[in-house]
Amino acid sequence: MKDITVDRVGPEHADWFTNIAADVFDEAIDPERLSLYLRAPDHLMVLARDGALVVGQVAAVIHRHPDKPPELYIDEVGVTSSHLRQGIAGRMVEAMLAIGRAAGCEECWLGTEPDNLAARALYKRWAEAKPIVMYQFDL
């Protein structure tokens, strides 16, 4: 495996987002949105880097509730195609789970498309899939 570093990022790492491989994020990085995201305390991100090149990311949010412990929601996992099947996604998810545990989260949840077999194989390490019904609203 290449020498890939996996790090939690904060506002001091904004410059890392200027050198990103294809397919790590769905869209181009918007500097204003990035700044807001990195400064929000319950928005979390882990990046995988090959040297200075960002080759993977996991974005997550801590959901806080008045009646139960906080939950970690993993919103997105992305790895560039040239670095797939090298264990990078697993390392990033493990790092994010550790961050969630340290923040007091007692469970983690995420979703993926039924036909995303690679993601489903990855997530199966930690839990079995549960059926849900999802609604998406335009605002």
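Note that the coordinates shown come from a computational prediction; the quantities given were computed from them, not determined experimentally.

Calculation rules
- Residues numbered from 1 in each chain as written.
- Predicted model: local features only at pLDDT ≥ 70, side-chain atom pairs only at ≥ 80, totals over all residues.
- Heavy atoms only, no water.
- pLDDT = per-residue confidence, 0-100.
- Helix = DSSP H or I, 4+ residues; strand = E, 2+ residues; numbered from the N terminus.
- Pairing = 2+ DSSP bridges.
- Right-handed = clockwise from strand over helix to strand, strands pointing away.
- Buried < 20%, exposed > 50% of the residue type's maximum accessible area, 1.4 Å probe, protein only.
- Lys, Arg positive; Asp, Glu negative; His and termini not counted.
- Salt bridge = Lys/Arg side-chain N within 4 Å of Asp/Glu carboxyl O.
- Polar contact = N/O pair within 3.5 Å; in protein donor to acceptor, adjacent residues only side chain to side chain.
- Contact = heavy atoms within 4.5 Å.
- Axes fitted to C-alpha atoms, helices over the stretch in contact; angles between N-to-C directions.
- Core = buried A, V, L, I, M, F, W, Y, C linked by side-chain atoms within 4.5 Å.

Undergrad: Which residues make up the confidence of the model for the protein chain, and what values do they have?
TA: Scored by pLDDT, the protein chain comes out at a mean of 93, with 99% of its residues at no less than 70. Mean pLDDT across the elements of the protein chain bottoms out in helix H3 (residues 117–123) (84) and peaks in strand S2 (residues 43–50) (98).

Undergrad: Describe the pairing of strand S4 (residues 71–79), listing the residues and the values that go with them.
TA: Two strands pair when backbone bridges link them, and strand S3 (residues 53–63) and S4 are joined in this way by 8 bridges, in the antiparallel orientation. Among the inter-strand pairings, glycine 56 is bridged to a residue of S4, identified as valine 79. The pairing of S4 with strand S5 (residues 107–109) spans 3 bridges and is classified as parallel. Across the sheet, leucine 72 pairs through a bridge with cysteine 108, a residue of S5. One crossover worth recording links S4 to the parallel S5 by way of helix H2 (residues 88–102), and it is right-handed.

Undergrad: Give me the side chain of glutamate 71: which residues, what numbers.
TA: Looking at where glutamate 71 falls in the secondary structure, it is placed in strand S4. Buried charge without a partner: glutamate 71 forms no salt bridge, and the closest opposite charge is lysine 68, 4.1 Å away. Of note is the side chain of glutamate 71, whose polar atom sits 3.0 Å from the side chain of histidine 65. Contacts of glutamate 71, omitting those with residues within four sequence positions, involve Val61, Ile62, His63, His65, Cys105, Glu107 and Trp109.

Undergrad: Provide a residue-level description of the sheet that holds S4, including the pertinent values.
TA: Reading across the sheet, the 5 strands line up as S1-S2-S3-S4-S5 and stay open at both edges, with mixed pairing between neighbours. Looking along the sheet, the strands with just one partner apiece sit at the ends: strand S1 (4–8) and S5. Looking at each pair of strands side by side, their axes are set apart by 25° on average, direction ignored. Strand direction decides the pairing type here: S2 and S3, joined by 8 bridges, are antiparallel. In the sheet register, arginine 49 faces S3, and the bridge partner there is valine 54.

Undergrad: Any chance you could break down unusual backbone geometry for me, citing the residues and the numbers?
TA: The phi dihedral of aspartate 23 is positive, around 70°, even though this residue is not glycine. Looking at where aspartate 23 falls in the secondary structure, it is placed in the loop between S1 and helix H1 (31–39). Residue aspartate 23 is classed as exposed on the basis of its relative accessible area, which comes to 56%. In this model, arginine 85 sits at a positive phi of 60°, which is unusual for a non-glycine residue.

Undergrad: Please give an account of the nonpolar core that cites residues and values.
TA: Of all hydrophobic cores here, the largest spans 22 residues; its most connected members are Leu44, Leu72, Ile74, Ile88, Met92 and Met96. Those elements giving two or more residues to this core turn out to be S2, S3, S4, H2 and H3. Here this core takes 7 residues from H2, the largest share from any one element. Among all residues touching isoleucine 88, those that are not within four sequence positions of it are Ile4, Ala48, Val55, Val79 and His83. Within the second largest apolar cluster, 12 residues are counted, among which are Val9, Phe25, Leu34 and Leu47.

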